[in-house]
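Letter by letter, the chains look like this.
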Amino acid sequence: MRVLVVEDDTKVAGAVRAGLAGEGYEVAVSRTGEDGYFRATTEPFDAILLDLGLPGRDGIEILSGLRRRGFAVPVLVLTARDAVEDRVRGLDAGADDYLVKPFAFAELLARLRVMLRRGRPEDALRLRVADLDVDPVTRSVTRGGVAVDLTTREFELLEYLLRHLGQIVSREMLAREVWEEPSRGTPLDNVIDVHIARLRKKVDAGTGPRLIHTVRGVGFLVREGDA
């Protein structure tokens with residue numbers, strides 16, 4: 001489950017990112033309105049946590065722009081503005097919910113879960129290819145209707161590959177986005193290869209079509225049929 005946090009306060013953004021990551025979410029952070037709007041319109045996200053008071057392009061402008069362009073991603077507005085008129089402006093611009101700073105992380109998490117369930121049909125959140133079914137909300141995986149038991153890292157790896165279905169994913173991308181170690185001195189290639197091998201053994205162990213492919217010298221991809 002990918003969440004975009006658009007927040008210019010470094011402490012707030014860091015705390016929210018760490019908290020959500022600890023709950024199994026994949027989190028991206030933008031600290032300016034321009035970067036937040038660019039990422040929201042060019043990358044796939046399941047939800048956006050949006051501050052109103054941003055440098056460059058403010059939250060209302062971002063929200064209005066997303067809705068005008070037809071982006072239906074659920075948006076939770078985070079702001080220090082507690083006036084009724086500010087809350088009304090946010091909701092009228094297309095916010096799905098509103099949370100005033102300072103807030104308890106447990107409340108943010110609860111509101112995010114409710115917003116995700118309410119914002120889109122649960123079935124739309126599922127990731128599928130062939131007879132492989134992944135539910136990011138419950139973090140469950142089935143292949144041909146049979147449960148597949150994955151570790152946390154294996155699930156994150158599979159989810160990332162499925163969100164790039166049919167696209168080649170490099171080891172550098174996996175190190176940056178799944179392991180979150182873009183500047184590690186020693187490459188993670190061997191670690192990634194071991195996890196891919198274990199994941200493939202669990203997912204492609206049956207009689208169905210092979211789904212996880214290695215593109216030699218380039219990376220990996222998930223698709224039905226030959227790479």
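Anything mentioned here points back to the structure above.
Position numbers for residues start from 1 in each chain and track the written sequence from start to end. Whole-chain, interface and lining totals are the exception, using all residues; otherwise, since this is a predicted model, local features are given only for residues with pLDDT of at least 70 and side-chain atom pairs are given and counted only at 80 or more. Note that water and hydrogens are dropped before the side-chain values are worked out from all heavy atoms of the structure.

### Digging into the sheet that holds strand β2 (residues 26–30)
Line of reasoning, step 1. We call two strands paired when DSSP finds no fewer than two bridges between them. Each helix corresponds to a stretch of at least 4 residues labelled H or I by DSSP, and each strand to a stretch of at least 2 residues labelled E; elements are numbered beginning at the N terminus. An order of β2-β1-β3-β4-β5 is seen for the five strands of this open sheet, with the pairing classed as parallel. Among the strands making up the open sheet, the edge pair consists of β2 and β5 (97–100). The average angle at which neighbouring strand axes cross in this sheet is 20 degrees, direction not considered.
Line of reasoning, step 2. Pairing of strand β1 (residues 2–6) with strand β3 (residues 47–51) involves four bridges; the strand directions are parallel. Here an angle of 0 to 180 degrees is reported between the N-to-C directions of two axes, which are lines fitted to C-alpha atoms, with helices fitted over the stretch in contact.

### A few points about the packing of aromatic side chains
Line of reasoning, step 1. Classification of ring pairs uses Phe, Tyr and Trp, with its six-membered ring standing for Trp, and accepts pairs whose centres are within 6.5 Å; under 30 degrees between planes counts as stacked, over 60 as edge-to-face, and the remaining range as tilted. All chains considered together, the criterion is met by zero aromatic pairs.
Line of reasoning, step 2. Whether a charge sits over a ring depends on NZ of Lys or CZ of Arg being within 6 Å of the ring centre and within 35 degrees of the ring normal. The aromatic ring of Tyr37 is capped on one face by Arg57, whose charged end is 4.1 Å from the ring centroid.

### Some thoughts on the packing of helix α2 (residues 33–42) against helix α3 (residues 59–68)
Line of reasoning, step 1. At a minimum axis distance of 10 Å, the contact between α2 and α3 shows a crossing angle of 20 degrees. Compared by their axis directions, α2 and α3 come out roughly parallel. Read as a crossing pair, α2 and α3 show a hand that is right-handed. Counting all contacts with α2, which are made through Gly33, Tyr37, Ala40 and Thr41, the residues of α3 involved are Ile62, Gly65 and Leu66.
Line of reasoning, step 2. Amino acids outside the nonpolar list (Ala, Val, Leu, Ile, Met, Phe, Trp, Tyr, Cys, Pro) and the charged list (Asp, Glu, Lys, Arg) are all regarded as polar, and Gly is one of them. Its residues assigned to classes, the contact of α2 with α3 comprises four nonpolar, three polar and no charged. Convention used here: angles under 35 degrees read as roughly parallel, angles over 145 as roughly antiparallel, angles from 65 to 115 as roughly perpendicular, and any remaining angle as oblique. By the definition used in this description, the sense in which the near helix is turned from the far one sets the handedness, with an anticlockwise turn below a right angle giving left-handed and a clockwise turn giving right-handed. Two residues form a contact once any of their heavy atoms are found within 4.5 Å.

### Let's talk about the packing of helix α6 (residues 152–163) against helix α8 (residues 189–203)
In a pair of packed helices, the angle between the axes and the distance between the axes together describe the arrangement.
Line of reasoning, step 1. At a closest axis distance of 10 Å, the pairing of α6 and α8 adopts a crossing angle of 80 degrees. In this view, α6 runs roughly perpendicular relative to α8, as classed from their interaxial angle. Where α6 abuts α8, its residues Arg153, Glu154, Leu157, Leu158 and Leu161 lie against His195, Ile196, Arg198, Leu199, Lys202 and Val203.
Line of reasoning, step 2. For the contact of α6 with α8, a count of residues per class yields six nonpolar, one polar and four charged.

### A few points about the nonpolar core
Line of reasoning, step 1. Counting residues in hydrophobic clusters, the biggest one holds 27 residues, and the most contacted among them are Leu132, Leu158 and Leu174.
Line of reasoning, step 2. Ranked by residues supplied to this core, first place goes to α6 with six residues.
Line of reasoning, step 3. Residues in contact with Leu158, not counting those within four places in the same chain, are Leu132, Val134, Val141, Leu150, Leu199 and Val203.
Line of reasoning, step 4. In terms of nonpolar packing, the next biggest core, distinct from the first, is built from 20 residues, Ala28, Ile48, Leu54 and Val77 among them. In these notes, a set of buried Ala, Val, Leu, Ile, Met, Phe, Trp, Tyr and Cys residues joined through side-chain atoms within 4.5 Å is what counts as a nonpolar core. A simple rule labels every residue: compare its accessible area, found with a 1.4 Å probe on the protein chains alone, to the largest value its type can have, and call it buried under 20%, exposed over 50%, or partly exposed in between.

### Some points on the pattern of salt bridges
Line of reasoning, step 1. Salt bridge, as used here, is a side-chain nitrogen of Lys or Arg placed within 4 Å of a carboxyl oxygen of Asp or Glu. Evaluation of the coordinates by the stated rule reveals 19 salt bridges.
Line of reasoning, step 2. Measuring nitrogen to oxygen at the nearest pair gives 3.1 Å for the salt bridge that ties Arg2 to Glu26. Taken together, the residues Arg2 in strand β1 and Glu26 in strand β2 connect sequence positions 24 residues apart. Both residues of the pair, Arg2 and Glu26, belong to the buried class.
Line of reasoning, step 3. In this structure, Lys101 and Glu7 form a salt bridge, with 2.7 Å as the shortest nitrogen-oxygen distance. In this pair, Lys101 sits in the loop between β5 and α5 (105–119) while Glu7 sits in the loop between β1 and α1 (10–22), placing the two residues 94 residues apart along the sequence.

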